[in-house]
Structure formats: C-alpha cells, structure tokens
Number of protein chains: 2
Amino acid sequence: MVKSNQSKIVDCTIRDGGLVNNWDFSVEFVQNLYAGLNEAGVEYMEIGYKNSPKLLKGAEGAGPWRFLNDDFLRKVIPQKGNTKLSALVDIGRVDVNDILPRSESMLDLIRVACYSKDVDKALQLVQTFHDLGYETTINIMALSNVMENELLEAFEQIRESVVDVVYIVDSYGSLDHNDIHYLVEKFRTHLPNKRLGVHTHNNLQLAFSNTLIASEKGVELLDASCYGMGRAAGNCPTELLVTHLKNTKYTLRPVLDIVERLMIPLREKEEWGYIIPYMITGTLDEHPRSAMALRSSEDKDKAVEFYDKLTTPEVNFGDK
Amino acid sequence: MVKSNQSKIVDCTIRDGGLVNNWDFSVEFVQNLYAGLNEAGVEYMEIGYKNSPKLLKGAEGAGPWRFLNDDFLRKVIPQKGNTKLSALVDIGRVDVNDILPRSESMLDLIRVACYSKDVDKALQLVQTFHDLGYETTINIMALSNVMENELLEAFEQIRESVVDVVYIVDSYGSLDHNDIHYLVEKFRTHLPNKRLGVHTHNNLQLAFSNTLIASEKGVELLDASCYGMGRAAGNCPTELLVTHLKNTKYTLRPVLDIVERLMIPLREKEEWGYIIPYMITGTLDEHPRSAMALRSSEDKDKAVEFYDKLTTPEVNFGDK
C-alpha cells in the first residue's frame, strides 16, 4: 500500500508577500485567494501578522493584514472551508491581551518567529497561545548564522515546551539540499517529540527543491506562497508543491487560477523572485536588506558594484 | 585532503539561448561572453550549432551562431583563452564535409543531440568527429519519455563506441532529484567506461538543484547558461554553479559582469525562465512547444485554459 504523504502546505502569500507590498491586498484579493487555496486542498493559509500596532512604530499605511483583527477577519471570511487560518507574531511586537481564545477566533494556528537567542521568550508566547487553544509553531530564523552551542541550548528548551511544530527557516535563502539533510537530522535527533516545518527562500533557486527534500525526510508543515511571492527572492511556489508532492490530494487548477488572476497582474507592479542582488546576498549567506535597498535605488542593476561592496572588507561599512 | 571537484561547466548561452532569439547575438556580445567565461574559469563555451544551412530549411534570418563557420569563428575569437569551444549538431542536419580536422578548427568539442531511437546514427557522427580529433559527447534527449528496453539497447551501442561523454538531458524540465539519482545510477551501471554529463531545464525551478545533485554523484560535464537563458523555461544558471560548486576555482565576479551588462538588458527584450505555461508542460512531462506557441499568442497569460486544454483528452487535438 502506498503511504499517504504527511505533508501539509502553509500558504504564506499574504503574510510573507505583504513584506513586498506593505500588505496592500484588497479584501476581494484575500477572499479569492482563500477560496482557491481551499478548493486546491491547501491545509493552512497564513493570512497575516497578529502583531500589535501599539508595539510596532513606523507601520502607518500598512494594510490590515499587518495587524489582524478578529472582527475584521470574520467579515473577510464569513464562511470557513477546510483550509485553516494562521497568523505569525514577532517577539516583543505582540500584545497577548489582543488574542482571543481559539473558540472565539477565526485563527487556528499561531506561529512565533524568533532568533535562536530569543527561544525562551518565544516559548512563553507559545505557552499562552497553546493555553488559549491554538495550534502553535516556533520558527527559528537565520539558522545558517547560528552556532551549534546556541542551537543545542534552544533545543533543550523547545523539547520541554508545549509547542506543536518547530520550523527550520532558511531566512537568507543560502541553504542547499545537503544543509537541509543536515538540519532535519539534527532537529529530529534533538527534538524527537516534535513535528517539523520548513520555510525557504529562493535566492539560489533552491526553495522548491529544499522544501521537497525536507518533505521526503518527514518534515510536515511546508511553507510556500503563490507564484513564490515573498520578501526579496520570495518563497517556494505553492503551485509547484501542489502539483509535485506525491500521494497527496491537492489539485493544481485552482492554484493556477489564483496565479493567473491575482499573482501575475500583481507581479507587474511589485517585485520579488530570482533577482541577482538577492542571489548575491544568498550566496554570501547574509540578510537581503542590503539588496532590498539596492533594488529601491537608481543603481538597482549594478550587480558587480554591489558584489564588490559586500565582499571587499574595507568598503563594507554596512551592518551585516 | 579535500578532493577537488571533477565538474566542468559547459556554458550554452549562445547555443540554447539562440533558440530564444533566433541566434541574434552580435559579435561583440559573443566576444564579451567568451572573455567573461574565460576569466571566470568556465571550461567550455558552446558557441552555437554546426548544422548545415543546406540541410535545414526555413532557417533564413538566423544569426551566424546557428550555422557556425570556422573562418568566421577565427575572426570572432582571434585569441583563445583556456575556455574551450563547443558546437552542437543534430542528426540529419549536419554535413560532415563541413567539419575541418580539429587541428585546423576553432572547435574542441562536438556534441551530437539525438533521441534514443537514433543513437546508432548519432554514434556514426561521433566516430567521424572523433577521428577528426574532437572531443565528443552524445546527448540523449527526452529521457523522461523513453522506455527501458529502448534505453538498454542504446546503452549497448554507446558502450562499444568511442564517445567520450554521455549526457542525461531533461528536455522537458520534468525531472526531480529522485529522477536524477535514478538516471545517474542507471547510466553509471550500464556505461561504466563513459564519463557523464547533464543538461537540465528550469520548468519546475529544479534545473540548478538537479545539476548540483548530478555533480555530487560524479557527473562531470554540467550544462548551464548565463542568467539561465535557454529555450522556454531556460537552463541551469551559470552564475549559480560558479558560486556554489565546492572545491572549484571559478570566480563569480566575471559572470555577474556578463549578467549585468549582457543578460539583464537582453531579458528585457526576450523571454525565458519560470513562466507558468512552461511549468505546466514540465509537470505534465511534455515538450514545451504548445506553451511556446501560447506565449507567442494574445492568450499568453491564460494559464488555466491552457492547462484544461492539455489535460482534457477530448479537447487536446495537438501533437504531444
């Protein structure tokens, strides 16, 4: 008998894609996206951030998906299908008093993003959300820049926690299949009681391949976004997972419909994907912020000058 | 001691990219590309096709890289560096009387592309080119559509031949890492006396990943093109191989310079890469010609209608 696939897709188009267009998605866009993902059989839609505007300065002008509100969400999705809703929160930016019990909320899953040094704080939030009835994940960012001792310490705390799923996050899009093999083995060894997730970026055109390989190694929650929309080089494309994962019940057609009607017109106005400055920060294993600044400047296509700046110590005065 | 990498890159920008722009590259473009690849340490540049215009009707208007001529090539590259020159020929389209002995030619490598049923004819050409002093490869196309018995028969002939390198060609961009593992094992088992090569297409964003994995499994010649330029979804990007292959002596900067000065301006005029209709033919494991026709029509973005046409038997009257 063919084993059915354990994978579940978490579509992050609105949440991670919002980093591209400041969450300027219309309600109709999000409704159409939800309907399409639900029809395709995608298990989760991450519909935004659940941070508090009180705790995040300088976010004026952002769309409503930047600071999700339950009353608003109920109007957006009056009838939920099988696709569950997820929100991401950041350490220090979420007010736990804003979070309703799950029974009164549209959300099913709350994910906490953190750097490995903040795992303790993240797990306090996880405990609160868990007690409110939510499924929870902890998403450890920038793993490629974490030293072993720090990671082992984080694992120790996570192992004892209530968190459901622990994410491997390739924040800089710098990992390849060997790194994914290594990390999945490491996480599995140290967190035998936890399910795993993976979130990739496409700086080196490896987001889909890395996600596939993680899935084959038993990683359960697979982050993706339609047409790959996400910060800088973007994410693993939802359409590729839906069509290629074996022994699943996804259907491609509704995702193609989303891509055709929503994403391709949007890509003409907003920029994400395999773009050379993002490839450069990916291969150098660093945050794409310098490349994002370059792409917003008049020198956006001056790849060699940018590469020289990042690789010549005496002229690299930027933070890393 | 760290084992040095056996990989050699064959940059196919002019040859496979010519399928995009009808080989409309200026002499200066090709000279700059050659200089950059040579500086980057890329081992081979495939500078075009060596077919005969007498044997290929309807090719009027194609650039000179469609039908390479040695006198012309000597003017283009008056001084060769370390990067060797390669040309591709097709069965039935090459006149062997056009081929000079290698000692009198600019070319070092002649590659013969064929379907598996034509391996006998390809090997006759290979023998001729080998006798003239050239390095040779045989590039078996559309492997994903070949039955085992036919492939085994082809292997038998290849094993006895003089060909230096045998290529695994993912013509439809439909293979993933498991397929690459399987094919490399199969080729290695049946062709223990031959070196291997790989040529990928990027329909499913797997061209780079598949090439990396083939390289790690000992495949020696890795086809790529700058910024991925090639027919339809394009190829494995040369810049990614150059920056990511371990234990090699490539330098990224000259390839970034090529991409910045030559490829990005060209991409604004010509289309290749991850485009949804090519993803659809890739996932359906078929030739991209239907998607190429769609992209040349007014309905270029009607992905769902195109998908329906290819997947609904009663409306699919096209050839496959």
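Remember, predicted model here, so these are calculated numbers, not experimental data.

## A closer look at the overall build of chain A
Line of reasoning, step 1. Scanning chain A from terminus to terminus reveals twelve helices and eight strands.
Line of reasoning, step 2. The C-alpha radius of gyration computed for chain A amounts to 19 Å, which stays within 12% of the reference 20 Å derived for 320 residues, consistent with globular compactness.
Line of reasoning, step 3. Taking the principal axes of its C-alpha atoms as reference, chain A extends roughly 55 × 50 × 45 Å.
Line of reasoning, step 4. Relative to its 320 residues, chain A shows a buried fraction of 58%.
Line of reasoning, step 5. Just so you have it, chain A exposes about 12900 Å², and 48% of that area is on carbon and sulfur atoms.
Line of reasoning, step 6. If you average the places of the 35 positive and of the 47 negative side-chain charges in chain A, the two averages end up 3 Å apart.

## With respect to helix 12 (residues 303–311) of chain B
Line of reasoning, step 1. Within helix 12 of chain B, the full set of buried residues consists of Ala303, Val304, Phe306, Tyr307 and Leu310 of chain B. The buried side chains of helix 12 of chain B occupy one side of the element, clustering within an arc of 160 degrees when seen end-on.

## Observations concerning the interface of chain A and chain B
By convention, interface size is frequently given as the accessible area that disappears when the constituent parts associate.
Line of reasoning, step 1. Taken together, the 37 residues of chain A in the interface contact 37 residues of chain B.
Line of reasoning, step 2. Summing both sides of the interface, chain A and chain B together bury roughly 3400 Å²; the carbon and sulfur share of this comes to 60%.
Line of reasoning, step 3. Among the residues chain A hides against chain B, the three largest losses belong to Gln205, Leu256 and Val304 of chain A. Together they make up 16% of the total.
Line of reasoning, step 4. Taken together, the links from chain A to chain B amount to two salt bridges.
Line of reasoning, step 5. Two residues, Arg253 of chain A and Asp308 of chain B, come together in a salt bridge whose shortest N-O distance is 2.6 Å.

## Considering the sheet that holds strand 1 (residues 8–11) of chain A
All names here are of chain A.
Line of reasoning, step 1. With respect to topology, eight strands assemble into a closed barrel ordered 1-2-3-4-5-6-7-8, the strand pairing being parallel. Direction aside, the axes of adjacent strands within the sheet are offset by 25 degrees on average.
Line of reasoning, step 2. By the bridge criterion, six bridges tie strand 4 (residues 109–114) to strand 5 (residues 135–140) in an arrangement that is parallel. When the bridges of strand 5 are listed, Ile110 appears paired with Thr136.

## Focus: the packing of helix 12 (residues 303–311) of chain A against helix 9 (residues 253–267) of chain B
Line of reasoning, step 1. At a minimum axis separation of 8 Å, helix 12 of chain A and helix 9 of chain B run at an interaxial angle of 150 degrees. Taken as axis vectors, helix 12 of chain A and helix 9 of chain B run roughly antiparallel relative to one another. For the pair helix 12 of chain A and helix 9 of chain B, the contacting residues are Ala303, Val304, Tyr307 and Asp308 of chain A in the first and Arg253, Leu256, Asp257 and Glu260 of chain B in the second.
Line of reasoning, step 2. Of the residues belonging to the contact of helix 12 of chain A with helix 9 of chain B, the class tally is four nonpolar, no polar and four charged.

## So, the sheet that holds strand 7 (residues 195–199) of chain B
All names here are of chain B.
Line of reasoning, step 1. Read around the closed barrel, the eight strands follow the order 1-2-3-4-5-6-7-8; overall the barrel is parallel. For this sheet the average axis-to-axis angle between neighbouring strands, irrespective of direction, equals 25 degrees.
Line of reasoning, step 2. Sheet analysis places strand 3 (residues 84–90) next to strand 4 (residues 109–114), joined by five bridges and oriented parallel. Bridging across to strand 4, Ser86 finds its partner in Leu109.
Line of reasoning, step 3. Each of strand 1 (8–11), strand 2 (44–49), strand 3, strand 4, strand 7 and strand 8 (221–224) touches helix 1 (residues 13–21); the most contacted strand, strand 2, lies at about 40 degrees to it.

## Some details on the pattern of salt bridges
Line of reasoning, step 1. Evaluated as defined, the whole model comprises 48 salt bridges over all chains.
Line of reasoning, step 2. Of the charged contacts in the structure, one is a salt bridge between Lys302 of chain B and Asp299 of chain B, with a shortest N-O distance of 3.3 Å.
Line of reasoning, step 3. Several salt bridges converge on common partners, so that one network encompasses Arg15, Asp16, Glu46, Arg111 and Asp223 of chain A.

## Looking at the pairing of strand 3 (residues 84–90) of chain A
Residues and elements named next belong to chain A.
Line of reasoning, step 1. Counting buried positions along strand 3 gives six out of seven residues, so the element sits mostly inside the fold.
Line of reasoning, step 2. The pairing of strand 2 (residues 44–49) with strand 3 spans five bridges and is classified as parallel. Bridge assignment links Gly48 to a residue of strand 3, and that residue is Ala87.
Line of reasoning, step 3. You can see the chain leave strand 2, run along helix 3 (residues 70–76) and come back into strand 3, and the turn it takes is right-handed.

## With respect to the domain arrangement of chain A
All names here are of chain A.
Line of reasoning, step 1. We note that the domain assignment places domain 1 (8–267) and domain 2 (276–315) within chain A.
Line of reasoning, step 2. Put simply, the middle of domain 1 and the middle of domain 2, counted by C-alpha atoms, are 26 Å apart.
Line of reasoning, step 3. Across the interface of domain 1 and domain 2, roughly 850 Å² is buried in total on both sides, 61% from carbon and sulfur atoms.
Line of reasoning, step 4. Run the count over domain 1 and domain 2 and you get zero salt bridges.
Line of reasoning, step 5. For the interface between domain 1 and domain 2, the tally reads four residue pairs in polar contact (both at pLDDT 80 or more).

## Re the relation of the copies chain A and chain B
Line of reasoning, step 1. With an axial shift of 0.0 Å and an RMSD of 0.0 Å, the rotation relating chain A to chain B amounts to 180 degrees. Taken together, the turn and the small shift mark the pair as related by a two-fold rotation axis.
Line of reasoning, step 2. By residue overlap, the copies meet face to face through one surface: 100% of the interface positions of chain A are interface positions in chain B.

## Considerations on the environment of Ser144 of chain B
Residues and elements named next belong to chain B.
Line of reasoning, step 1. On the secondary structure map, Ser144 appears in the loop between strand 5 (135–140) and helix 5 (148–159).
Line of reasoning, step 2. It is 9.7 Å that separates the C-alpha atoms of Ser144 and Leu183, two residues lying 39 residues apart in sequence.
Line of reasoning, step 3. Those residues in contact with Ser144, other than ones at most four positions away along the chain, are Tyr172, Ser174, Leu175 and Asp285.
Line of reasoning, step 4. A distance of 2.7 Å separates polar atoms of two side chains, one belonging to Ser144 and the other to Asp285.

## Re the packing of aromatic side chains
All names here are of chain A.
Line of reasoning, step 1. Applying the stated rule across the entire model yields twelve aromatic pairs over all chains.
Line of reasoning, step 2. With a centroid separation of 5.2 Å and an interplanar angle of 55 degrees, the aromatic rings of Trp65 and Phe72 are classed as tilted.
Line of reasoning, step 3. Since its relative accessible area comes to 23%, Phe72 is described here as partly exposed.
Line of reasoning, step 4. The side chain of Arg267 reaches across the aromatic face of Trp272, ending 5.5 Å from its centre.

## Focus on the pairing of strand 8 (residues 221–224) of chain A
All names here are of chain A.
Line of reasoning, step 1. Neither face of strand 8 is open: one carries Leu221 and Asp223, the other Leu222 and Ala224, and all of them are buried.
Line of reasoning, step 2. As paired elements, strand 7 (residues 195–199) and strand 8 share two bridges and run parallel to each other. Across the sheet, Gly197 pairs through a bridge with Leu221, a residue of strand 8.
Line of reasoning, step 3. Note that the unit made of strand 7, helix 7 (residues 207–216) and strand 8 has a crossover that is right-handed.

What counts, and at which threshold
- Residues numbered from 1 in each chain as written.
- Chains lettered and ligands numbered in written order.
- Predicted model: local features only at pLDDT ≥ 70, side-chain atom pairs only at ≥ 80, totals over all residues.
- Heavy atoms only, no water.
- Helix = DSSP H or I, 4+ residues; strand = E, 2+ residues; numbered from the N terminus.
- Rg over C-alpha atoms; globule rule 2.2 N^0.38 Å.
- Buried < 20%, exposed > 50% of the residue type's maximum accessible area, 1.4 Å probe, protein only.
- Areas by Shrake-Rupley, 256 points an atom, 1.4 Å probe, with all protein chains shown as cover.
- Lys, Arg positive; Asp, Glu negative; His and termini not counted.
- Charge placed at Lys NZ, Arg CZ, Asp CG, Glu CD.
- Arc of directions from axis to C-beta.
- Contact = heavy atoms within 4.5 Å.
- Buried area = accessible area lost by both parts, 1.4 Å probe.
- Salt bridge = Lys/Arg side-chain N within 4 Å of Asp/Glu carboxyl O.
- Pairing = 2+ DSSP bridges.
- Axes fitted to C-alpha atoms, helices over the stretch in contact; angles between N-to-C directions.
- Parallel < 35°, antiparallel > 145°, perpendicular 65-115°, else oblique.
- Nonpolar A, V, L, I, M, F, W, Y, C, P; charged D, E, K, R; others polar.
- Right-handed = clockwise from strand over helix to strand, strands pointing away.
- Domains from an automatic or database assignment.
- Polar contact = N/O pair within 3.5 Å; in protein donor to acceptor, adjacent residues only side chain to side chain.
- Least-squares fit on C-alpha atoms with pLDDT ≥ 70 in both.
- Phe/Tyr/Trp six-rings, centres within 6.5 Å; stacked < 30°, edge-to-face > 60°.
- Lys NZ or Arg CZ within 6 Å of the ring centre and 35° of its normal.

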